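What follows is each chain in one-letter form.
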Amino acid sequence: MAAFTISQNLLRHAFNLPFSFFSLQGLKPVVPTEAPPIIFATPTKLTSDSTVYDYAGKNRVPELQKFFQKADGVPIYLKRGLPDQMLYRTTMALTVGGTIYCLIALYMAAQPKK
């Protein structure tokens, strides 16, 4: 008979469970035995030096940093012109319209039924 904890003994007697219910023989190890494959840093082509990788895209971060940090008085969420303006205005219209709709629905729900 294996050594059981108090809670295992209580469960075993309360639900009439066999001793084998608490054995750990059928469980697999929690820690994986092999490392998972790298998803985002997979190189597209190895060069002659094994530590340097050639990735599929060009690094545009420095260009975008210069573009978005330019001091031209335009808010960051409107820097890219017409598409950003349309998205901003649509978002504001839906927000204001939704607020008005909620206030009207609240007012109608507060009125007594006739």
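Cut-offs and rules
All residue numbers refer to positions counted from 1 along the written sequence of the respective chain. Two thresholds apply to this predicted model, a pLDDT of at least 70 for residue-level local features and 80 or more for giving and counting side-chain atom pairs, whereas whole-chain, interface and lining totals are computed over all residues. In computing side-chain properties, one takes all heavy atoms of the structure into account and sets aside hydrogens as well as water. UniProt positions are given in the numbering used here, feature names are shortened, and annotations may be inferred rather than shown by experiment. Each helix is a run of DSSP H or I of at least 4 residues and each strand a run of E of at least 2, with the numbering of both proceeding from the N terminus. Burial here depends on accessible area, computed with a 1.4 Å probe over protein chains only, as a share of the maximum for the residue type. Under 20% is buried, over 50% is exposed, and the range in between is partly exposed. Any pair of residues with heavy atoms lying within 4.5 Å of one another is described as a contacting pair. Per-residue and other accessible areas follow the Shrake-Rupley method at a 1.4 Å probe size, with only the shown protein chains counted as cover for residues. In this count, Lys and Arg are taken as positive residues and Asp and Glu as negative ones, while His and the chain termini are left out. For this document, the term salt bridge refers to a Lys or Arg side-chain nitrogen within 4 Å of an Asp or Glu carboxyl oxygen. pLDDT gives the predictor's per-residue confidence on a scale running from 0 to 100. What a helix is expected to span follows from its residue count: subtract one and scale by 1.5 Å. Patches draw on residues past 30% relative accessible area with no salt bridge. Two like charges within 9 Å are joined, as are two nonpolar side chains (Val, Leu, Ile, Met, Phe, Trp, Tyr) within 5 Å.

- For the chain, an unreviewed UniProt entry supplies the name Cytochrome c oxidase subunit 7A2-like, mitochondrial and the organism Saguinus oedipus.
- Among the UniProt annotations of the chain, the heading Subcellular location (unreviewed entry) holds the following wording: "Mitochondrion inner membrane".
- Heading Sequence similarities (unreviewed entry) of the UniProt record for the chain holds this comment: "Belongs to the cytochrome c oxidase VIIa family."

### Observations regarding the overall build of the chain
- On a plain count of helices and strands, the chain comes out with three helices and two strands.
- Element order for the chain, N to C, with α for helix and β for strand: α-β-β-α-α.
- Burial statistics for the chain: of 114 residues in total, 5% are counted as buried.
- Counting contacts in the chain only where the partners sit at least 6 residues apart, residues at least 24 apart contribute 0% of the total.
- With the model as given, the accessible surface of the chain reaches about 11000 Å², and the carbon-plus-sulfur share is 66%.

### A look at the side chain of Asp84
- Relative to the helices and strands, Asp84 resides in helix H3 (residues 82-110).
- Arg80 provides the closest opposite charge to the buried, unpaired Asp84, separated from it by 4.3 Å.
- Excluding its chain neighbours within four sequence positions, the residues that come into contact with Asp84 are Tyr77, Leu78 and Lys79.

### A short note on the UniProt feature "transmembrane region" (unreviewed entry) in the chain
- Residues annotated in UniProt with the feature "transmembrane region" (unreviewed entry) correspond here to residues 86-110.
- Helix makes up 100% of residues 86-110 and strand 0%, whereas the separation of the span's terminal C-alpha atoms amounts to 36 Å.

### What about the confidence of the model for the chain?
- Model confidence for the chain is summarised by a mean pLDDT of 79, while 68% of its residues fall at 70 or above.
- When pLDDT is averaged over each helix and strand of the chain, the minimum, 58, is found for strand E1 (residues 45-46) and the maximum, 97, for H3.

### Looking at H3
- With 29 residues, H3 should cover 42 Å at 1.5 Å per step; its first-to-last C-alpha distance of 42 Å lies within 8% of that length.
- Counting buried residues along H3, only one of its 29 residues qualify, which leaves the element largely exposed.

### Focus on a nonpolar patch on the surface
- Together, Val96, Ile100, Ile104, Tyr107 and Met108 make up a nonpolar patch on the protein surface, roughly 550 Å² of accessible area in all.
- As for its placement among the helices and strands, Val96 is situated in helix H3.

### A short note on the pattern of salt bridges
- In the structure shown here, the tally under the stated rule is two salt bridges.
- Of the charged contacts, one joins Lys79 and Asp72 as a salt bridge, the two residues approaching to 2.7 Å between their closest N and O atoms.

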